[in-house]
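Residue-level listing of the chains:
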Amino acid sequence: MTTLALHHRVLLLIVAPTFLISALLGWYFTQARTQDVRHFLEQQASNIAEPLALASAEALAQNNQYMLGQLLDVSHRKNSPLVKSITVFDPQHQLIATSNHYPGIHQLTLQGNKAPLQFTELESAANWLIIRTPIWQQAEPEVAPQQLGYLAVRLQRDSLILARQSSILTSVLAVLAALLLSTVLGWLASRTINRPIQQMLQLIQQAQSLSLPMKSSSEQSSELQQLTQGIEQLITCCQELQDDMQHQVEQATADLQQSMEQLEVQSIELELGKRKAMEENRQKTEFLAKMSHELRTPLNGVLGFTRQLLKTQLSASQFDYLQTIQKSANSLLVLVNDVLDFARLEEGRMPLNQQPVSLRELLDDATELLAAQAFEKQLELALIVDPSCPDDIVVDATRLTQVLMNIAGNAIKFTDRGSVLIRVRASILSEHQLSLHISVQDTGIGLTEEQQQQVFRGSGHQKTNIGKHTGAGLGLMISQKLVHAMSGHIGVDSQAGKGATFWFTLECKRHPTTVAEPLPLELLDGKRLLYFEPQQYSREACSNLLLSWGLNVTLCATQAQLQQALAHQQHYDFALLGRTLSLHQLNQIQELVQRVRPQCDHCFLLVNTLSPHLREAIQLSGADACLSKPVHHRKLALVLAQPYVQQVSIHAVALKPAKANLRVLVVDDNEANLKLIHTLLSELVLHVDTAVHGAEAWHKATQHLYDMIFMDINMPVMDGVEACHKIQQSSLNEQTPVIAVTAHAVAGERERLLQLGFADFLSKPLDEYMLQLTLQEHLTLSKPSAQLRQEPAIPHSNYIDWSLSLQRAGGKAELALEMLQMLCNSLPESYQHIENAWQQRDAEQLLHHVHKLHGATCYSGVPQLKQLTEQLETQLKRGQSLELLEPEMLELADVVQGLLQDLAGTEWQQLVATPERQV
């Protein structure tokens, strides 16, 4: 028996049911259509006959043949061609009237001996439909109606036949369409099903053609049978292959296990190697720290005795030799510090000390330090700060200065002629955030593309053709890491032989209050100034500064422009003359001063030298003052305002406010801190009491009512937190604001102390301005007016920042010197305690003494020692291992030794002994 193919069976299964269902539906709808048409014809005949029977009753009663004929004709015409004829018979079946007389009209009568027609009846024949309805004569209501006859209407059944034929035709067409559609769909479905089956069969045949152990299937079987047989064979084959694979997997697993054991051994070896490398790295850091300590100790001696020798009577060659020794030792000291900083950055132990600073003063101070190198090479050094750049920011001033000094120092080092320009601008990111952009542009040897790619990797500048310039590159590597630590970027743009522009950006916060002391700019507002400066960048930098102060500036870049300005016979309040000079140019400067003197009240010079003797000689030419380039904005403002200070001195004294009638308690266990805060507060309030620990403060708070209490946190006997709680529980000072004062403000410290009951939080070092703001916020106190101060001549020191000392002492030179002397007296003992705790590995005692020394450094203007003690205190509070703090301890020993040597010098001792002569 021949088996149909799969696609033929699918086609048959789809087409056969479709044909049967279509035929049944066609027959059903044909019968329904016929019945509907027949019912319509019967209803239509009834609607014609019955109304016409009623209308013809009166004509029959009157025997009016004419009227009856008219009724029949009109009804016939209205319903033609549906109606074949309308005929009226009498009760004896005799014809009375008809609308269409034809031979077979007798067929309309009632056949046989039937009773008289009482109701409407229908008679259906093959080709027509006859409807008969009686005609009644209605008499009086009590009398039964009389039948006058009946009316017969013959209707053609052509429409019924036509409807049946059209239904049959429609059904046939629908069946054919369904057959066609089902055939197409069936063919598509069979093709869709058959194609993958054929493909699978082909694959099975291909498998049979391979060397697989499969049996050939019969060609007489159907595709599904062939597929079933092929799948069964494939399953059997796969089972055999799986068994074989399982055996191979077991073999591979055994091999892998052996490999894993080898990898585990290698991992242990790598872990041991890693620990060894970390230990070697730690030993390297310790070695670098010890080496830097060992190197800095003799270097400090070399630098100290070199400075002492330079003060003695020397020949010209000896003086030159000693200066060379001093420069070489300073360079070596910088290199040693860079190596130590690099080691710290590699370990991620270089902390950032964010604090509010005056950006302009920070940049001016750094530029002043660079001026000596630039003047030696007769370079123009200029600092241009965008006027829109905010001045009060929060940043790590030490690290920012270090980066700027590294980059600008390199620019000066590799520039033989031309200029070095420092530009500063800011982009405001938000209300409290800004991005600082600082660039250093030089006209030096420049960098090739290869050198630019290596410049931050420690390779430094390559030697030039004449082998004149070299560089270690550590400074730039450290600068890059510091900039990245401060969330910034650093880069360089350069071409060989055309100079270079190094730039870096920093993200920092804006500080809401002014950090710098106010300048007497109100005395300069509207003043006329004649400014002569041949150097382009110096002229741009200084003129921008003068214009921002409200001065009316006349710029002159050449001698011709100066002569033209003087020819107008205009009078000026100031003349500011910028010159590059040497000793043989003193006559030219004197002539220049004499030219402008007649038309200016005051004459000031800007020169490219730091030598005080040379500036004094230049000033004798007739100038009122002589300042060094690039000019420090504060020094320039004070010098310009100096002639007008005497005019406003009476007003300044009158504006100085009286002390507030307040009683304040200051609590601190450090003698220097206590003395400084007492001195600063004594100028603001009438009564200041002191206490050295919390218990004494609580005792005094129970006896006196205070307006404000300044409380240190870490103290013996009773700490500040416990003392604050006891004071607030007493009835006498329970409403008195207690201000927390601490030298170590870690993250979250302010919020913690405020939650503990303190009214406010101040971090050391305090200054007069911070105390004023605190008193004004919590009490009623007027703000003292700023006064101009004359700074004393201070000996040079690598460890003492005299301007910072003055700021911490509220501008009082005597107090600043006294604070330095107190630090000098207590420093040996404090360091001895730290050294003993370090030797005993007592972390708690070490933290206590480091914290105490940190508090003592907050008011003495020793930023390097303060930063180092703060770093140690932070690491100890975080639980850092003492072994990892050995580099900082060694550096602390060097800083303490160097500071003691500086303070023990003859000049410092004379200054401390007679401070009133220096003020």
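Here the structure is a predicted model, which means the values were calculated and not measured.

Visitor: Even after reading the chapter, I still don't get the overall build of the protein, so can you show me in this structure?
Guide: Looking only at helices and strands, one finds 25 helices and 22 strands in the protein. Within the protein, the fraction of its 919 residues that count as buried is 45%. Counting only contacts in the protein whose residues sit at least 6 apart along the sequence, the fraction spanning at least 24 positions is 69%. Roughly 48,300 Å² of accessible area belongs to the protein as shown, and the carbon and sulfur atoms make up 54% of that amount.

Visitor: Just to check I follow, could you spell out the sheet that holds strand E2 (residues 95-98) for this structure?
Guide: Sheet strands pair by backbone hydrogen bonding; their relative direction is either parallel or antiparallel. Read from one edge of the open sheet, five strands run E2-E1-E5-E4-E3, paired in antiparallel fashion. The open sheet is flanked by E2 and strand E3 (121-124), the only strands paired with a single partner. Ignoring which end each strand starts from, the neighbouring axes of this sheet average 20 degrees apart. In the sheet, strand E1 (residues 83-89) pairs with E2 via three bridges, with the strands oriented antiparallel. Considered in E2, the bridge of threonine 87 is made with threonine 98. Strand contacts of helix H2 (residues 65-78): E1, E2 and strand E5 (146-156), with the helix running at about 155 degrees to E1, the strand carrying the most contacts.

Visitor: I keep staring at empty space enclosed by the protein and nothing clicks. Help me out?
Guide: It is a probe the size of a water molecule, rolled over the atoms, that shows where empty space is left. Evaluated as defined, the whole model comprises five cavities of 30 Å³ or more. Of the pockets and cavities examined, the largest cavity occupies roughly 170 Å³. Considering the residues around the largest cavity, the lining is formed by 18 residues, among which Ser538, Ala541, Cys542, Pro630 and Val631 are closest to the centre. Here the lining of the largest cavity is built from residues that sort into 10 nonpolar, three polar and five charged.

Visitor: What is the right way to read the state of the cysteines from this model?
Guide: Linking two cysteines covalently via their sulfur atoms produces the bond known as a disulfide. Summed over all chains, the structure comprises zero disulfides. Cysteine cysteine 389 remains unbridged, with the sulfur of cysteine 508 as its closest cysteine sulfur at 8.1 Å.

Visitor: Whenever I open this one, the pattern of salt bridges confuses me. Can you help?
Guide: A side chain with one charge may pair with a side chain of the opposite charge, provided their charged atoms come close. Counting across every chain of the model gives 13 salt bridges. Note that glutamate 121 and arginine 132 form a salt bridge whose closest N and O atoms lie 3.9 Å from each other. Of this pair, glutamate 121 sits in strand E3 while arginine 132 is found in strand E4 (residues 128-137), placing the two residues 11 residues apart along the sequence. On the basis of relative accessibility, which here comes to 28%, the residue glutamate 121 falls in the partly exposed class. By relative accessible area, which is 2% here, arginine 132 ends up buried. Residue glutamate 873 is joined to lysine 877 by a salt bridge in which the shortest nitrogen-to-oxygen separation is 3.3 Å. You can see glutamate 873 and its partner lysine 877 sitting in helix H23 (residues 863-877), four residues apart, about one turn around the helix. With relative accessibility at 41%, the residue lysine 877 sits in the partly exposed group.

Visitor: Explain H23 to me, please; I cannot follow it from the model alone.
Guide: Owing to its 3.6 residues per turn, the α-helix aligns residues three or four sequence positions apart on the same side. Taking 1.5 Å of rise per residue, 15 residues should cover 21 Å, and H23 covers 21 Å from first to last C-alpha, within 8% of that figure. For H23, a buried count of 12 out of 15 residues is recorded, marking the element as mostly surrounded by other parts of the structure. Of the residues making up H23, those classed as buried are Leu865, Lys866, Gln867, Leu868, Thr869, Glu870, Gln871, Leu872, Glu873, Thr874, Gln875 and Leu876. Taken from the residues just after H23, glycine 879 is the one with a positive phi, measuring 80 degrees.

Visitor: Help me out: how do you make sense of the layout of surface pockets in this one?
Guide: By volume, the second largest pocket is sized at about 440 Å³. Forming the walls of the second largest pocket are 25 residues, and the residues nearest its centre are Arg360, Asp391, Leu545, Trp549 and His633. If you tally residues by element for the lining of the second largest pocket, the top one is helix H10 (residues 536-548), at four residues. By residue class, the composition of the lining of the second largest pocket is 13 nonpolar, five polar and seven charged.

Visitor: Help me understand the sheet that holds strand E21 (residues 738-742), please; the structure alone is not making it clear to me.
Guide: Within the open sheet, the five strands sit side by side as E19-E18-E20-E21-E22. Their pairing is parallel. Of all strands in the sheet, those bounded by a partner on one side alone are strand E19 (685-691) and strand E22 (760-763). Within this sheet the neighbouring strands show an average axis-to-axis angle of 20 degrees, counted without direction. Pairing of E21 with E22, which is carried by four bridges, proceeds in the parallel orientation. By the bridge assignment, alanine 740 is partnered in E22 with phenylalanine 761. In this fold helix H15 (residues 671-682) packs onto strand E18 (660-667), E19 and strand E20 (708-712), with an angle of close to 165 degrees to the strand it touches most, E19.

Visitor: I keep staring at a nonpolar patch on the surface and nothing clicks. Help me out?
Guide: Residues Leu180, Leu181, Val184, Leu185, Trp187 and Leu188 make up a contiguous nonpolar surface patch of about 590 Å² in total accessible area. As for its placement among the helices and strands, leucine 180 is situated in helix H3 (residues 158-209).

Visitor: Just to check I follow, could you spell out the side chain of threonine 736 for this structure?
Guide: Tracing the chain through its elements places threonine 736 in the loop between helix H17 (720-729) and E21. By relative accessible area, which is 7% here, threonine 736 ends up buried. Once residues within four sequence positions are removed from consideration, threonine 736 is found in contact with Leu705, Tyr706, Asp707, Met708 and Ile709.

Visitor: Help me out: how do you make sense of the side chain of serine 85 in this one?
Guide: Mapped onto the fold, serine 85 is located in strand E1. Those residues within four positions of serine 85 in sequence are excluded, and the remaining contacts are His76, Thr98, Ser99, Asn100, Tyr102, Leu108, Ala152, Val153 and Arg154.

Visitor: Would you take a moment to explain the confidence of the model for the protein for this structure?
Guide: For residues with low pLDDT, the predicted coordinates do not support detailed interpretation. Mean pLDDT over the protein: 79, with 83% of residues reaching 70 or higher. In the predicted structure, residues 459-467 sits below a pLDDT of 50 and forms 18 contacts with residues beyond four places in sequence or in another chain. Of the regions scoring below 50 in pLDDT, residues 648-656 engages in five contacts with residues more than four places distant in sequence or in other chains.

Visitor: I'm lost on the packing of aromatic side chains in this one. Help?
Guide: The geometry of an aromatic ring pair comes down to the distance between the two centres and the angle between the two planes. A full pass over the atoms with the stated rule returns five aromatic pairs. Ring geometry for phenylalanine 89 and tyrosine 150: centres 5.5 Å apart, planes at 25 degrees, overall stacked. Taken as a pair, phenylalanine 89 in strand E1 and tyrosine 150 in strand E5 lie far apart in primary sequence, 61 residues in all. A relative accessible area of 1% means that tyrosine 150 is categorised as buried. Arranged with centres 5.8 Å apart and planes meeting at 80 degrees, the rings of phenylalanine 574 and tyrosine 644 form a pair that is edge-to-face. Highlighted residues: phenylalanine 574 in strand E15 (residues 572-579) and tyrosine 644 in helix H14 (residues 633-655), separated in sequence by 70 residues.

Visitor: Looking at this structure, how should I read the environment of serine 805?
Guide: Note that serine 805 resides in helix H20 (residues 802-808). Judged by relative accessible area, which is 1%, serine 805 ranks as buried. As for serine 805 and serine 860, which are separated by 55 residues in sequence, their C-alpha atoms are 5.4 Å apart. What serine 805 contacts, discounting residues up to four positions off in sequence, is Ile800, Ala816, Leu820, Ser860 and Gly861.

Conventions we followed
Residues numbered from 1 in each chain as written. Predicted model: local features only at pLDDT ≥ 70, side-chain atom pairs only at ≥ 80, totals over all residues. Heavy atoms only, no water. Helix = DSSP H or I, 4+ residues; strand = E, 2+ residues; numbered from the N terminus. Buried < 20%, exposed > 50% of the residue type's maximum accessible area, 1.4 Å probe, protein only. Contact = heavy atoms within 4.5 Å. Areas by Shrake-Rupley, 256 points an atom, 1.4 Å probe, with all protein chains shown as cover. Pairing = 2+ DSSP bridges. Axes fitted to C-alpha atoms, helices over the stretch in contact; angles between N-to-C directions. 1 Å grid on protein atoms, 1.4 Å probe; cavity = no way out; pocket = protein on both sides within 12 Å on 5 of 7 lines; lining within 4 Å. Points joined across faces, edges and corners; volume = space filled by probe spheres on them. Nonpolar A, V, L, I, M, F, W, Y, C, P; charged D, E, K, R; others polar. Disulfide = S-S within 2.5 Å. Salt bridge = Lys/Arg side-chain N within 4 Å of Asp/Glu carboxyl O. Expected span 1.5 Å × (residues − 1). Patch = residues over 30% accessible without salt bridge, like charges linked within 9 Å, V, L, I, M, F, W, Y side chains within 5 Å. pLDDT = per-residue confidence, 0-100. Phe/Tyr/Trp six-rings, centres within 6.5 Å; stacked < 30°, edge-to-face > 60°.

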